[in-house]
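One letter stands for each residue in the lines below.
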Amino acid sequence: MKLMHRDVGQLTLTAGMVTDAVGWFLLSVVSAMAVGGVHGWRVALTIGFLVGFVVAAALLGRPLVRWLFKLAGRSADSGPSVATAVVVILAGAAITSRWGWKAVFGAFVAGTLIGAPG
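The structure displayed is predicted, hence computed values, not measured ones.

**Q** What is the right way to read the packing of aromatic side chains from this model?
**A** In this description, a pair of aromatic rings is defined by centroid distance and the angle of the planes. A complete count under the given rule lists two aromatic pairs for this structure. Measuring from ring centre to ring centre gives 5.8 Å for Phe-53 and Trp-99, while their planes differ by 90°; the resulting arrangement is edge-to-face. Remark: Trp-99 occurs in the loop between α3 (79-98) and α4 (103-115) and Phe-53 occurs in helix α2 (residues 40-72); sequence separation between them is 46 residues. When its relative accessible area of 12% is taken as the criterion, Phe-53 is described as buried. Note on Phe-53 and Phe-105: the rings are 6.1 Å apart at their centroids and 45° apart in plane angle, and the pair reads as tilted. A residue pair is termed long-range when its members are at least 10 positions apart, and Phe-53 in helix α2 and Phe-105 in helix α4 qualify at 52 residues. Residue class for Phe-105 comes out buried when judged on its relative accessible area of 3%. Ring pairs connect the aromatic residues Phe-53, Trp-99 and Phe-105, which therefore count as one cluster.

Listed below in structure tokens is the structure:
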């Protein structure tokens, strides 16, 4: 049906991506509240750290991921690219898991960095 090249297909994928990102973000907030207790200042601090993580990933992570893929792309086959993608996703998951958030949020953010254009 070639919906990817139409506005409806792109709008559908964008809406799905945004709702997924919001869902994982909220799940991370709720998880952090369950681990650390429900205190107003702690919830605000967690949300601030999560927003900071996303902003840092967008500003610092995107150039780093591009550089890693360029470094891995010097090989002739696609093996290093797949391995690089796996390492980036696992690193994102490990970072958020270490901070007491859901690991899938970090993996999701890393996946968006891999799939980001430019």
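**Q** Would you take a moment to explain the side chain of Thr-84 for this structure?
**A** Tracing the backbone through its elements, the reader meets Thr-84 in helix α3. With relative accessibility at 13%, the residue Thr-84 sits in the buried group. Setting aside its immediate chain neighbours within four residues, Thr-84 contacts Leu-68, Phe-69 and Ala-72.

Conventions adopted
Residues numbered from 1 in each chain as written. Predicted model: local features only at pLDDT ≥ 70, side-chain atom pairs only at ≥ 80, totals over all residues. Heavy atoms only, no water. Phe/Tyr/Trp six-rings, centres within 6.5 Å; stacked < 30°, edge-to-face > 60°. Helix = DSSP H or I, 4+ residues; strand = E, 2+ residues; numbered from the N terminus. Buried < 20%, exposed > 50% of the residue type's maximum accessible area, 1.4 Å probe, protein only. Contact = heavy atoms within 4.5 Å.

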